[in-house]
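Coordinate analysis (summary)
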Number of protein chains: 2
Amino acid sequence: MEIAIIGAGATGLLYAHQLANIFRVKIYCKREEQRNLIHKEGVTLIDGEQIMNKKIKVELFSDETEINEDVLIITAKQYSLESIIRNLKKYQNKTILFLQNGMNHITYFHELQQNKIFVGVIEHGAKKENDTTVYLTGKGLTNVAPYNEHHTSLFFENWDSKLKDFPIVMEKQWYPILAKKLIVNAVINPLTALYKVENGKLLSNKNYLITMETIFNEAFSILNVGKKEEMWNHVTKICTSTSKNHSSMLRDMETGKKTEVDAILGYLLQEGKKAKKELPVIHFVYHALKGMENVRMNE
Amino acid sequence: MEIAIIGAGATGLLYAHQLANIFRVKIYCKREEQRNLIHKEGVTLIDGEQIMNKKIKVELFSDETEINEDVLIITAKQYSLESIIRNLKKYQNKTILFLQNGMNHITYFHELQQNKIFVGVIEHGAKKENDTTVYLTGKGLTNVAPYNEHHTSLFFENWDSKLKDFPIVMEKQWYPILAKKLIVNAVINPLTALYKVENGKLLSNKNYLITMETIFNEAFSILNVGKKEEMWNHVTKICTSTSKNHSSMLRDMETGKKTEVDAILGYLLQEGKKAKKELPVIHFVYHALKGMENVRMNE
């Protein structure tokens, strides 16, 4: 079974390396420099003391690239999806798995409906070291659900049965798993990026904790997901278990990359508008972070 | 006529230097080191190319200090007022002028009612260079109004007639001049401290401008002062004319000092509570800045 992984950030490199244990994998990346490096050096996964290098096929991805694999895993960031979807529209009957944060990618699915679409949420901590190397900073699960309930795929059955070290859990409903991840990302990522602190500071600093609760309350009022107290416990549990980490949004700020603020807070603001609910603090933080991006990008 | 200036920050040094042109002035400061330096070196005012040094009397200030001057000008920050008020309570019939930002100092006035109390708002830009030197970065007015309408003082008449270069404007009502200054401080200071940018960026960055309007709307809903559009024009005018400045709150953040966030946003939150009005974004920004102070002070 042949797998195409589209996007070669931390998630793309990690999944390519792991799935290559049982599938034939090809990475599709955007930059020629990275293509050449992966071609020459393979992909290296660093997991504690273990350093594991693997040869993996690699190809440049553009609007015209012809993808022959039957299974496509999209690990590119939300803000790169639009151009990727233009390419994917022409396919039929492929299994396509989206591994994005946030919810905005859902809006593209109507353009891909001749395929079998799945969404996933990853619990692994992964940090890209360079174009060919990724650190595994925390092990977790991959939660996957079909976007159309009746869809199944042999790919996931094989993954589940043959790759016990990199577990996948199949769920029936896609909304709860994405919403549960979104509320965690909406609370932790924007605030750590705004304050420039590691995740744990949101809990240990009593004033930051108050602002965290404020964002949680607004986000929860929009995302119809679980019971409030349970969901708050879930958010603080993740924040505790990742207390020393810099969130992906903070890292993006630090390294001058575009952040996922549109996919996370921007999505909540859109939904708030539809539901005619005010989200004043999320609106404020959204513009504060967009403003910081602007300052940075004009420097 | 003898004047006591209590507090030897940028404002205290500037006013001591200017008023010493026509009055006998004594500075009261908190730290022995600064007392000794002012005693030895005098006070230096730097205004563009001009460097002007003056000998000025100086004394340490504590709860027990006996103040003999008839006119007291309080230039200490809001958060230092409580201990100063303990000393001032014992006096009668002194002219006391408060030059603080914010509004919290009003709450102490009932303890001083046997004196003639005035409040002032300063438009000068002043930056402390070291314990004896202050830069005049922008010239303006001193707007003063009595806290009890019928009060007058010969001191202000002398100032007005003899010190044309450092003008004072007497107003009848204290509330409008403090509220007008407060709304400027509430919009510019917290956001520049949060984003760590000079004042002008709030206007030139379209996302920051949106957050500025949000804070303005909430602050205006509490402060019953003037017409909304006029007040917004006033705020943006000040922001434009100080576009290259670092606000006092940003400077306090940068130099590890306590900020005036309690006197500014804290006051608005108190008033909001009394009026049963929600100020969600000011509440958020207040706790974000208090959290940053905590992080900094625990480092």
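The shown structure was predicted, so the numbers you read here are calculated from the model rather than taken from an experiment.

Bringing the pattern of salt bridges into the picture now. Scanning all chains against the criterion turns up 28 salt bridges over all chains. Ionic pairing is found between K128 of chain B and D131 of chain B, a salt bridge with its closest N-O pair at 3.6 Å. Relative accessible area serves as the criterion here: at 13%, D131 of chain B is assigned to the buried category. Between D262 of chain B and K290 of chain B there is a salt bridge, and its shortest N-O distance comes to 2.6 Å. Pair noted here: D262 of chain B is in helix 10 (residues 261–274) and K290 of chain B is in helix 11 (residues 280–297), with a separation of 28 residues, a long-range link. Via salt bridges that share partners, R31, E33, K128 and D131 of chain A belong to a single interconnected network.

Residue and element names in this part refer to chain B. The interhelical angle for the contact between helix 7 (residues 206–222) and helix 11, taken along N-to-C directions, is 110°, at an axis separation of 8 Å. The angle between the axes of helix 7 and helix 11 places the two elements in the roughly perpendicular class. Crossing geometry of helix 7 relative to helix 11 is assigned as left-handed. When helix 7 is examined against helix 11, the residues T214, I215, E218 and A219 are found in contact with a partner set consisting of P280, V281, I282 and V285. When the residues that make up the contact of helix 7 with helix 11 are grouped by side-chain class, the tally is six nonpolar, one polar and one charged.

This paragraph deals with the sheet that holds strand 2 (residues 24–29) of chain B. Residue and element names in this part refer to chain B. Taken in spatial order, the eight strands of this open sheet run 5-2-1-6-7-8-11-12, and their pairing is mixed. Of all strands in the sheet, those with a lone pairing partner are strand 5 (57–60) and strand 12 (168–170), marking the two edges. Pairs of neighbouring strands in the sheet enclose a mean axial angle of 25°, with direction left out of account. The pairing of strand 2 with strand 5 spans four bridges and is parallel. Residue pairing for strand 5: K26 is matched across the bridge by K57. The sheet contacts of helix 3 (residues 81–88) involve strand 1 (2–6), strand 6 (71–74) and strand 7 (95–98), and relative to strand 6 the element is tilted by about 170°. Contacting strand 8 (116–122) and strand 11 (142–146), helix 5 (residues 174–195) crosses the sheet at an angle of about 35° to strand 8.

What follows covers the relation of the copies chain A and chain B. Rotating chain A by 180° about the axis while translating it 0.1 Å along that axis superimposes it on chain B, leaving an RMSD of 0.1 Å. Considering both components of the superposition, the chain copies are consistent with a two-fold axis. Scanning chain A for the C-alpha nearest the rotation axis identifies V281 of chain A, at a separation of 2.7 Å. Here 100% of the interface residues in chain A have copies in chain B that are interface residues too; the copies meet face to matching face.

Here we take up the packing of aromatic side chains. Overall, the coordinates contain 33 aromatic pairs over all chains when judged by the stated rule. Between F98 of chain A and F109 of chain A, the ring centres sit 4.8 Å apart and the planes meet at 40°, which makes this aromatic pair tilted. Linking F98 of chain A in strand 7 (residues 95–98) with F109 of chain A in the loop between strand 7 and strand 8 (116–122), this pair joins segments that are eleven residues apart in sequence. With respect to burial, F98 of chain A and F109 of chain A carry one shared label: buried. Their ring planes at 10° and their centres at 6.1 Å tell us that W159 of chain A and F166 of chain A sit as a pair that is stacked. On the accessibility criterion, W159 of chain A (0% relative accessible area) is buried. Following the ring pairs from residue to residue traces out a cluster consisting of Y15, F23, F118, F155, F156, W159 and F166 of chain A. One residue, K94 of chain B, lies across the ring of Y91 of chain B, its end atom 4.8 Å from the ring centre.

Sites flagged by UniProt as "domain: Ketopantoate reductase N-terminal" (unreviewed entry) map to residues 3–148 of chain A. Helix makes up 19% of residues 3–148 of chain A and strand 38%, with an end-to-end C-alpha separation of 21 Å.

Right, let's get into the sheet that holds strand 4 (residues 50–54) of chain B. Residue and element names in this part refer to chain B. A sheet is described by the order of its strands in space; here four strands give the open sequence 4-3-10-9, paired in mixed fashion. Looking along the sheet, the strands with just one partner apiece sit at the ends: strand 4 and strand 9 (125–130). Strand-to-strand twist of the sheet, defined as the mean angle between neighbouring strand axes without regard to direction, takes the value 25°. For strand 9 and strand 10 (residues 133–138), the ladder comprises five bridges, and the chain directions are antiparallel. Each bridged residue has a counterpart across the sheet, and for G125 the counterpart in strand 10 is G138.

All right, on to the side chain of N87 of chain A then. Residues and elements named next belong to chain A. By the element assignment, N87 lies in helix 3 (residues 81–88). Only 3.3 Å separates the side chain of N87 from the side chain of K90, close enough to count as a polar contact. Ignoring any residue separated from it by four or fewer positions in sequence, one finds N87 in contact with F61, S62, D63, E64 and T65.

Relative to the assigned elements, V184 of chain B resides in helix 5. For V184 of chain B, the contacting residues outside a window of four places in its chain are N189, H234, V235 and I238 of chain B.

Another point: the domain arrangement of chain A. Residues and elements named next belong to chain A. If you check the domain split of chain A, you get domain 1 (2–172) and domain 2 (177–297). One C-alpha centre belongs to domain 1, the other to domain 2, and the line joining them spans 25 Å. Of the residues lining the interface, 19 residues belong to domain 1; the matching set on domain 2 comes to 17 residues. Roughly 1600 Å² is buried in total at the junction of domain 1 and domain 2, and carbon and sulfur atoms are behind 62% of that figure.

Moving on: unusual backbone geometry. Residue and element names in this part refer to chain A. Not every positive phi belongs to a glycine, and N93 is a case in point at roughly 65°. Mapped onto the elements of the fold, N93 is located in the loop between helix 3 and strand 7. Owing to a relative accessible area of 58%, N93 belongs among the exposed residues under this scheme.

The next point concerns the interface of chain A and chain B. Every contact between the two is made by 24 residues of chain A and, on the other side, 24 residues of chain B. Where chain A abuts chain B, roughly 1900 Å² becomes buried across the two surfaces, and 72% of that area is made up of carbon and sulfur atoms. Together, N207, F284 and H287 of chain A form the three largest contributors to the area buried by chain A at its contact with chain B, with a combined 30%. Every element with two or more residues in the side of chain A that touches chain B is listed here: helix 5 (174–195), helix 7 (206–222) and helix 11 (280–297) of chain A. Counting residues per element, the side of chain A that touches chain B draws most heavily on helix 11 of chain A, which supplies twelve residues. Tallied by class, residues from the side of chain A that touches chain B come to 13 nonpolar, eight polar and three charged.

Procedures and definitions
- Residues numbered from 1 in each chain as written.
- Chains lettered and ligands numbered in written order.
- Predicted model: local features only at pLDDT ≥ 70, side-chain atom pairs only at ≥ 80, totals over all residues.
- Heavy atoms only, no water.
- Salt bridge = Lys/Arg side-chain N within 4 Å of Asp/Glu carboxyl O.
- Buried < 20%, exposed > 50% of the residue type's maximum accessible area, 1.4 Å probe, protein only.
- Helix = DSSP H or I, 4+ residues; strand = E, 2+ residues; numbered from the N terminus.
- Axes fitted to C-alpha atoms, helices over the stretch in contact; angles between N-to-C directions.
- Parallel < 35°, antiparallel > 145°, perpendicular 65-115°, else oblique.
- Left-handed = near helix turned anticlockwise from the far one by under 90°.
- Contact = heavy atoms within 4.5 Å.
- Nonpolar A, V, L, I, M, F, W, Y, C, P; charged D, E, K, R; others polar.
- Pairing = 2+ DSSP bridges.
- Least-squares fit on C-alpha atoms with pLDDT ≥ 70 in both.
- Phe/Tyr/Trp six-rings, centres within 6.5 Å; stacked < 30°, edge-to-face > 60°.
- Lys NZ or Arg CZ within 6 Å of the ring centre and 35° of its normal.
- UniProt positions renumbered as here; feature names shortened; annotations may be inferred.
- Polar contact = N/O pair within 3.5 Å; in protein donor to acceptor, adjacent residues only side chain to side chain.
- Domains from an automatic or database assignment.
- Buried area = accessible area lost by both parts, 1.4 Å probe.

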